[in-house]
Structures are given as C-alpha cells and as structure tokens.
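# Descriptive structure summary
Residues per chain are reported as follows:
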Amino acid sequence: MRIPIHRRLIFSLLIFSLFPISLYARPFVLVISQDDIKDAVNSPDSDNPADPDSAEWDEFGDSDSHKSDEELDPGSWRPIFEPDSSAAEPSSEPDSLYYSGVSKMVRAMSASEEGLMDEGVSEIEAAASYGHPHARSVLGFLHGSGQMREKNKAKAFMYYHFAAEGGNMQSKMSLAYTYFKQDMYEKAVRLYSELAEVAVNSFLISKDSPVLEPVRIHSGAEENKEALRKSRGEEDEDFQILEYQAQKGNAAAMYKIGLFYYFGLRGLRRDHTKALSWFLKAVEKGEPRSMELLGEIYARGAGVERNYTKALEWLTLASKQHLYSAYNGMGYLYVKGYGVEKRNYTKAKEYFEKAAENEDAGGHYNLGVLYLKGIGVKRDVKLACQYFMVAANAGQPKAFYQLAKMFHTGIGLKKDLTMATVLYKLVAERGPWSSLSRWALESYLKGDIGKALFLYSRMAELGYEVAQSNAAWILDKYGEHSVCMGESGLCTDSERHQRAHFLWWQASEQGNEHAALLIGDAYYYGRGTERDYDRAADAYMHAKAQSNAQAMFNLGFMYEHGQGLPFDLHLAKRYYDQALEADPNAKLPVTLALMSLWIRNNYADSSLVHFIDSLPEAYPKVEEWVENVLLEEGNATILTLFACLITVLYLRERQRRHAVAAAAEIPAPHLPDDHIAPN
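Because the structure is a prediction, the values reported are computed rather than measured.

### Some points on the overall build of the protein chain
Looking only at helices and strands, the protein chain features 31 helices and 4 strands. The burial tally for the protein chain puts 50% of its 679 residues in the buried class. In the protein chain, once contacts between residues fewer than 6 apart in sequence are set aside, the share between residues at least 24 apart is 60%. Element-wise, carbon and sulfur atoms account for 52% of the exposed surface of the protein chain, whose accessible area totals about 32,600 Å².

### Some words on the packing of aromatic side chains
Applying the stated criterion to the full structure yields 26 aromatic pairs. With centroids separated by 5.9 Å and ring planes inclined at 10°, the aromatic side chains of W77 and F454 adopt a geometry described as stacked. With W77 in the loop between α1 (69-72) and α2 (78-81) and F454 in helix α22 (residues 449-461), this pair connects stretches of sequence that are 377 residues apart. By relative accessible area, which is 3% here, W77 ends up buried. Seen from their ring centres, Y559 and Y575 are 5.6 Å apart, and the 10° between their planes marks the pair as stacked. In this pair, Y559 sits in helix α27 (residues 549-561) while Y575 sits in helix α28 (residues 569-582), placing the two residues 16 residues apart along the sequence. Exposure class is identical for Y559 and Y575. Each is buried. Through pairs of rings, three or more aromatic residues link up here, namely Y255, Y262, F263 and F279. The ring of W278 is capped by K281, whose NZ or CZ atom sits 4.6 Å from the centre of that ring.

### Things to note about helix α29 (residues 587-602)
In this model α29 runs 22 Å from its N-terminal to its C-terminal C-alpha over 16 residues, within 8% of the 22 Å that 1.5 Å per residue would give. Turning to α29, its buried residues are V590, A593, S596, L597, I599 and R600.

### Quick notes on a nonpolar patch on the surface
The grouping of L588, L592 and M595 at the surface amounts to a nonpolar patch, some 320 Å² of accessible area in total. Mapped onto the fold, L588 is located in helix α29.

### Quick word on the nonpolar core
Core analysis: the biggest nonpolar cluster contains 181 residues, and W77, M105, Y192, L403, Y456 and I474 have the highest contact counts within it. At 10 residues, helix α8 (residues 185-201) tops the list of elements feeding residues into this core. Non-local contacts of Y192, meaning those with residues more than four positions away in its chain, are made with M173, A176, Y177, F180, T421, Y424, K425 and A428.

Calculation notes
Residues numbered from 1 in each chain as written. Predicted model: local features only at pLDDT ≥ 70, side-chain atom pairs only at ≥ 80, totals over all residues. Heavy atoms only, no water. Helix = DSSP H or I, 4+ residues; strand = E, 2+ residues; numbered from the N terminus. Buried < 20%, exposed > 50% of the residue type's maximum accessible area, 1.4 Å probe, protein only. Contact = heavy atoms within 4.5 Å. Areas by Shrake-Rupley, 256 points an atom, 1.4 Å probe, with all protein chains shown as cover. Phe/Tyr/Trp six-rings, centres within 6.5 Å; stacked < 30°, edge-to-face > 60°. Lys NZ or Arg CZ within 6 Å of the ring centre and 35° of its normal. Expected span 1.5 Å × (residues − 1). Patch = residues over 30% accessible without salt bridge, like charges linked within 9 Å, V, L, I, M, F, W, Y side chains within 5 Å. Salt bridge = Lys/Arg side-chain N within 4 Å of Asp/Glu carboxyl O. Core = buried A, V, L, I, M, F, W, Y, C linked by side-chain atoms within 4.5 Å.

None of this, on its own, says anything about what the molecule does.
Take a look at the structure:
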C-alpha cells in the first residue's frame, strides 16, 4: 500500500502543503479543486448554529479540553521516564504489575539481561490476566515485534483490539495503522478521527504548539550528527551559552529556556516548574511571549492552580505588546465565558480577526470554526473551508484536523475517506503518545542503544515512519550492540536482519525513499533475505517513484544486465539519464554507465564486455584495498602522485606509439644504393 502523494486537481489557488513527514519522506501535498468544495447552502443544519459547548468539531468543546497528558494517554510510560514524586502510587495490583513489568523490560534492554526481561514479560502477562487493557497493549507489542514471545500478528491484533476497547489509546493507534496499511479506510478513519481529536485537545489555545516531530537519528547510512547535536539538552554547548545569557538577564534567552522546559524541547526533560520560573523572570523584563505562555499555563493549570482570570490578564498584557497570537487565547476565553462575566461572541470574533489581519494562522483557524459552527455569525461552511485552508497553508495542525473532518463527513468538501485518513493520521501522530520519541532520543544520546531501540520499536508499531527507520537503522548500524530481543532471548543474526528488513519495508511504504532503496539492496544482494531480483526491482521502482536518483541508476543497471527486468539497453539509458536529471552529482557514475552501454551495444561479445561484467565481483576486493591501503593516513597523497605519474607516462607512451605508427604510413624517399655501381 502506498500513500497517495498527489491528487490531480484544477483550482490552483486553493493549495496547502502539510509538514514534510521526515528527511527522506517526501512532503505530502494536497491540492483542492473547485469540484471538491461543496455548496454549503444544501449542507444539513446550515441555518442552525451549533452549540459552542458541543465537542463535535474542535477544542471549543469541553470533552477533553485541559486534560493532562496522563489523562489523554492512559497507560502511558511517563511515570517510568518522567517520574513525579508527588504522583500517587498505583491503586491496584494489576496497575502495580503493569508498571513493574514495563520498568523491568526497559532496564533489561539497557543491561542485556534476558532473565530480567522474562520477569518483566511475566508480570505483564499476570496483569493482562486481570483484563488490564494497558498490559494487553504491551503483549500486542511483544507479539507484533517478536520480542520474548512468538511473533504472531494475529495474536498482536487480538491483544490490541481488547486493549483499545479498554481505552488504551496507543492500541488504537496500532489498530488504525493496521487498517490503514490494508486500505481499510472506513475502519482506519474512525480510529484516527478519535485519536486526532485527543491530539488537538492537547494543543495550545492561543498559538500553535512547537512542532515536536520525532528526530531522525540517521542521514542515509550515517548518523545525523547535526540533528543530534541540537538535541543534547543541558549538555549542549549552545544551550549552556543560552543559559548563561539568561542568567545575565537576557529576556529572550529566559523565554527560550522556559519554552524548552515547558515542551521538553532540544533534548531537555519536560519540567513545568522550571518553565514557570523562567517565564516569570522574563515577564519582569517585559518579554511578551512569556506573558502569552503564562496565560496558557494558567488556562491549563499546568504546574499551577487553574485560573482563567489570570490567564486573561497575561494574554491581554501580551496582546498590548503587539503579540497578535495572544488574541486567539483571549477570543477563546470569550467564546467559552471563562475568566469573563459572560460569553461574548462579538468580542471573540473581533479578537480572532485582529490575529488573522496580522497573518496569524490561529486567527484564520478560529474564524473558520466560528463560521463552521455558526457561533456569533451566520453559518457559512464554504467560507470556513477557505479560512481552514489559509491556516493549513501556514502549517496550523488544527486546520488539518478540521479539513480531515470535512473530507470524512462530506460537509464543505466532497467525501473522501482516503484523504481524511491521511490527514487524521498526521494530526494523531502529534498526540501525547509521541513522548515515546523524546524518551527514545534521550536514551540514544546517553548511549543506551537497547532502550532507544525498544522505544522506537514501540513507536514503529503505532505507525510512526521516523521510528520505523530509526529502529531499522539501529539494528543495521549497531548489530549485536543494539540489544535486540528475539522470540526466546537475544536476537540471532537472522532475527535481527529480518526485523530490520521488515522495519525498512514499513518505512518505505510510508514514503521513505532511503528505506525503499535499502529494501531493494537487501533483495539484490541477499542481505537478511534470499536474493530476489524481481523484488529488488519492485523496491527500486518504489524509490524511483519518489525521484530517488540512486534507485533510477540501479534500475538502469538491472535493465542493462537483464536482472529482474527485461534486457533493454534503451530503457537502461533512459533510467541513467533520469538519474542524472534528478541529481547532477551523479554525473561521473552515469557517464561511466553510458560508456558501458556503448561498449555493450557495439562490442557485445568482446573480452572488454566480459571484463566490465566481472567488476562487481572484483569490487569487494578493490574496496578492501582502498580502505586498508589508500585511505590510510599518509598513503593517499603518495598514491595520488604515483597514479598521476603512471597516467603521464601512459599518455606519453601512447603518443610515441601514435607517432611511430604515423611515420610508418609515410612512404620512405628513394635513396641511392651506395653498393650498386652506376651504369
């Protein structure tokens, strides 16, 4: 199954792009045509304003607004990775068994202790025997990935199903992803819509939350050092400089550090108390963004007692400093009647308009909600749709959610379950369960590869492409050091290769061109699986569809040699040319490949063709020589000069031979024979 990357549509003005999924996954681009926009006049209830307290459309409802992440993601592993000394102990024996079991499994992955891992799994099974939904979810994960239990997708699905019925949100993510892969959009869209709503309820009320995208720890086959450097938290030199500036009274630095602690950015452990302290210091110096965040903190009761009056005061102060996004929070409070005498839709609309007039995406989004629901205005679904698309074009995730609902229900946009599912999935992946990524990255940066692999593997089961590629890369890069648990203990080489292969394949299905390329390589060379040129060609075709130059080159090579594809020199040349068009850096290999094609076409059975065909077998030996001799320090320069000398001597010798050959073709002048006497 492949995600639809583009839709061919007509109305080019109504275009918006979603965030790039990852470094290697191509941006998902949606283009809306005039045909997709339905006439709102005939929509149901077009003249009946919606109740602003209903949770039918957005966070203006009271269903889950202001709940903590722990409440939004029951069964979360947060108590293990972000322990709170003030939190109550588990209230029941199944809860105790569950958290004890997860804790032991995590410690076992860090220390490579099979016995401890088995103890943890046994406690999880004991908790599941009570019908504990979160323990069942973990068993689904273990069976799905083949860790300490038989890999069995049917059992995994069963455990996830019952866990989801018990309210486990991560199991719903896994089930939704399973349906999504199988193109079962009616079932997938139902689950993803619920998950996306929970995610939206965890977002800020006045501004867009920082993009907490999972960090890709690799760049191709190498470690992504630049991205990792920015995620080292308090140990990062840039952070230490920023902290020094904050301590010296720099208000902007105070705000940034508060922001990092509030959201757990840049590898820092989330700490609302520290965040509040830095924001309060910053506002003493008149820093408006800190005022806005304090309004958020008091509205949510994050680390403080909830106080809507104080929230409005801080947001108002921020707006007076020309921070226009603060108007969104103020408008929200007037819509809900929080911290004010009574609801005032007119004033709310004025505040949203002020934000929108100053190009704030949240203002466009909130105006869209007003017109969609008919709150203080005449309901206009078409106008609401236009506001949402402007907000989405600016990267507002809540707008993605609203457009997903429109595609889902057919209100405002033509019903399209495929598009609705994809949009819901993007929003759902920003839910509170995405904290797994932060903990995995933290573990990786501390050198705890086993724990990082365990957490990325859990996220992979939930459908996160970045986690799938990160887990696969760790398995390939670190081998035995990755502390991979197999069905009955530490992974065998076969289990590790198979798991990496499966994870790369999942990532490739979600648009990761590097993963598709690696899958093709695995089948072509027989790495972790049997050699299969046909499947290799399929995988390269998948990567080629995403404009991957290496895949195009590989397909050209396979056409040239008739491996997995028909022998066709014309198609081979076409793919080599496409590789050069896609990546100008491919000029040298493409030029050599085209030379090979010319030789093969003109000297099909010559010894030169046989020599070219033997190069792949000789390559490993040449590569070993290059690594052991050529790249050794001090040898490279000498060998380069030696190669230049040989080249010069060769060219001079060739020139001499050509000169001799040319001289031989000139008839010699007739000279008198001194030994013959004249007549």
